[in-house]
Amino acid sequence: MSDRVVLHVKGRVLVGPEEVRDELWVVGGRITYRRPADTRDVRTVEGWALPGLVDAHCHVGLDQHGAVDEATSEKQALTDRDAGTLLVRDAGSPADTRWIDDREDLPKIIRAGRHIARTRRYIRNFAHEIEPDDLVAYVADEAVRGDGWVKLVGDWLDRESGDLGACWPRGAVEAAIAEAHRLGARVTAHCFAEDSLRDLVEAGIDCIEHATGLTDETIPLFAERGVAIVPTLVNIATFPQLAVGGEKKFPRWSDRMRGLYERRYDTVRSAYDAGIPVYVGTDAGGSLPHGLVAAEVAELMKAGIPAVEALSATTWGARSWLGRPGLEEGAAADLVVYEADPRADVRVLGAPRRVILRGRVLG
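Conventions adopted
- Residues numbered from 1 in each chain as written.
- Predicted model: local features only at pLDDT ≥ 70, side-chain atom pairs only at ≥ 80, totals over all residues.
- Heavy atoms only, no water.
- Helix = DSSP H or I, 4+ residues; strand = E, 2+ residues; numbered from the N terminus.
- Rg over C-alpha atoms; globule rule 2.2 N^0.38 Å.
- Buried < 20%, exposed > 50% of the residue type's maximum accessible area, 1.4 Å probe, protein only.
- Areas by Shrake-Rupley, 256 points an atom, 1.4 Å probe, with all protein chains shown as cover.
- Lys, Arg positive; Asp, Glu negative; His and termini not counted.
- Charge placed at Lys NZ, Arg CZ, Asp CG, Glu CD.
- Phe/Tyr/Trp six-rings, centres within 6.5 Å; stacked < 30°, edge-to-face > 60°.
- Pairing = 2+ DSSP bridges.
- Axes fitted to C-alpha atoms, helices over the stretch in contact; angles between N-to-C directions.
- Core = buried A, V, L, I, M, F, W, Y, C linked by side-chain atoms within 4.5 Å.
- Contact = heavy atoms within 4.5 Å.
- Polar contact = N/O pair within 3.5 Å; in protein donor to acceptor, adjacent residues only side chain to side chain.
- Expected span 1.5 Å × (residues − 1).
- Arc of directions from axis to C-beta.

Along the backbone of the protein chain there are 12 helices and 20 strands. What you see for the protein chain is a C-alpha radius of gyration of 21 Å, in line with the 21 Å of a compact globule of 363 residues. Dimensions of the protein chain along its principal axes, counting C-alpha atoms only, are 70 × 40 × 35 Å. Classification of the 363 residues of the protein chain by burial places 56% in the buried group. As presented, the protein chain carries roughly 15000 Å² of accessible surface, and 46% of it is formed by carbon and sulfur atoms. Mean positive and mean negative side-chain charge positions of the protein chain (46 and 58 charges, respectively) differ by 3 Å.

Here you go:
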């Protein structure tokens, strides 16, 4: 679509959970709610419009073996885009995907740099694998390389104990998080188990990925500190399969993974009820395919989060948390149009009628 063509989106525009307008216009790739003076060359799109969806835990440029080539990264990004995901927080990737920023047809990416893990305590080829004395220096490097986020691996299988265990001493994470904040970056961490959470939160971390180990003791701490969680329930659904694979060698770990899986919905609902911010993330790009945002919203609802709040976790709320605009006057026109009201039935998220990225109607 030429930049000279004015786009008219009409029907119901969901500017916020309760703020609904009848129409918006796109002029020069930007949103306006004022009718343009010249509307001779207009394309009209009708339906229910939402801000472009957010996947707040995704990995573009990564598969189960490590970094992938640009062609594979492109396919991953296109799959997300076609599912309506127009903003990705890339929660760790060893691949350089900066070239995506020059593509007008691909989602916008907020990068957390490369994972930072303890030596031999994460998936091979994914992370910088280091010891605690080097943590501050590596966090500083990734804070500069990323887009305002750094990703730690907070816990993982400890082969000596045969169970999940925290990766970092308290002093190391305190110093590392302080350095990231000094450099203007927020910090998130992969955490499955219970015992890594208190140290990370009290050290000032901003977000926890997965957060399956939340308990009645740590939930109030998260709520008090305003630490967000991204549960990635579509990934947690793989825990039983992982447990079977590790049964013979690490039976304690397998039992732990099953227990975390079995209480996953209760954990997320308890976090939400306590006022902990919850956002949508799929963990796509490791072993999971891309394009799963609609499925993750449905999972949040299974956990007991109301439909509008689950929707906000991938739209209005998520964009505000990440510091990116939604359907605001003058914002880049990144939106998705659906046949029906997604607040009434979130299943419509799985079938976008139109995807509009930077003011261009795609597909």
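Structure's up, so let's keep going.
On to the packing of aromatic side chains, then. Aromatic rings in a pair are described by how distant their centres are and how their planes are angled relative to each other. Counted by the stated rule, this structure contains six aromatic pairs. Arranged with centres 4.8 Å apart and planes meeting at 70 degrees, the rings of Tyr122 and Trp156 form a pair that is edge-to-face. Of this pair, Tyr122 sits in the loop between β10 (116-118) and β11 (128-130) while Trp156 sits in strand β13 (residues 155-158), and the two are 34 residues apart along the sequence. Each member of the pair, Tyr122 together with Trp156, is buried. Seen from their ring centres, Tyr279 and Trp321 are 4.2 Å apart, and the 10 degrees between their planes marks the pair as stacked. With a gap of 42 residues between them, Tyr279 in the loop between α9 (264-273) and α10 (293-302) and Trp321 in helix α12 (residues 316-321) connect regions that are remote in the sequence. On the accessibility criterion, Tyr279 (11% relative accessible area) is buried. Taking relative accessible area as the criterion, Trp321 reaches 13% and is therefore assigned buried.

For the rest of this paragraph, the subject is the pairing of β13. In terms of strand pairing, β13 meets strand β14 (residues 163-166) through four bridges, oriented antiparallel. When the bridges of β14 are listed, Asp158 appears paired with Asp163.

Let us look at the pairing of strand β18 (residues 335-338). Here β18 shows no split at all, with Leu335 and Val337 on one side and Val336 and Tyr338 on the other all buried. Sheet topology note: the strand β4 (residues 42-51)/β18 ladder contains four bridges and is antiparallel. Within β18, the residue paired with Ala49 across the bridge is Val337. In terms of strand pairing, β18 meets strand β19 (residues 354-357) through three bridges, oriented antiparallel. Note on β19: the bridge partner recorded for Val337 is Arg354.

Across the sheet, seven strands lie side by side as β3-β2-β1-β4-β18-β19-β20; this open sheet has mixed pairing. A single partner strand is all that each edge strand has here, and the edge strands are β3 (30-32) and β20 (360-362). Averaged over all pairs of adjacent strands, the angle between strand axes in this sheet comes to 40 degrees, irrespective of strand direction. Sheet topology note: the strand β1 (residues 6-14)/strand β2 (residues 20-27) ladder contains six bridges and is antiparallel. Bridge assignment links Lys10 to a residue of β2, and that residue is Glu23.

Core analysis: the biggest nonpolar cluster contains 77 residues, and Leu135, Ile205, Ile208, Phe222 and Leu300 have the highest contact counts within it. In terms of residue count, helix α3 (residues 170-182) provides more of this core than any other element does, five residues in total. Among all residues touching Ile208, those that are not within four sequence positions of it are Thr188, Ala189, Cys191, Leu197, Leu200, Phe222, Val227, Ala228, Ile229 and Val230. Counting 16 residues, the second largest nonpolar core, distinct from the first, contains Val13, Val15, Leu327 and Val337.

What follows is about the side chain of Glu299. Of note, Glu299 is situated in helix α10. Judged by its relative accessible area of 10%, Glu299 falls in the buried class. Within polar-contact distance, the side chain of Glu299 engages the side chain of Tyr265 at 2.9 Å. Once you skip the residues sitting within four places of it in the chain, Glu299 turns out to touch Leu233, Val234 and Tyr265.

Attention now moves to α3. The end-to-end C-alpha distance of α3 is 18 Å, a good match for the 18 Å that 13 residues give at a rise of 1.5 Å each. Three or more residues of α3 are buried, namely Ala172, Val173, Ala176, Ile177, Glu179 and Ala180. When α3 is viewed along its axis, its buried side chains cluster within an angular range of 160 degrees and face the same direction. Following α3 by one or two positions, Gly184 adopts a phi angle in the positive range, close to 85 degrees.

It is worth spelling out unusual backbone geometry at this point. You will see that Asn125, though not glycine, has its phi angle at about 75 degrees, which is positive. Here Asn125 shows up in the loop between β10 and β11. Asn125 gets classed as partly exposed once you look at its relative accessible area, which sits at 44%.

Mapped onto the secondary structure, Thr218 falls in the loop between β16 (207-210) and α5 (219-225). Judged by its relative accessible area of 7%, Thr218 is buried. Apart from residues lying up to four places away in sequence, Thr218 is in contact with Leu197 and Gly213.

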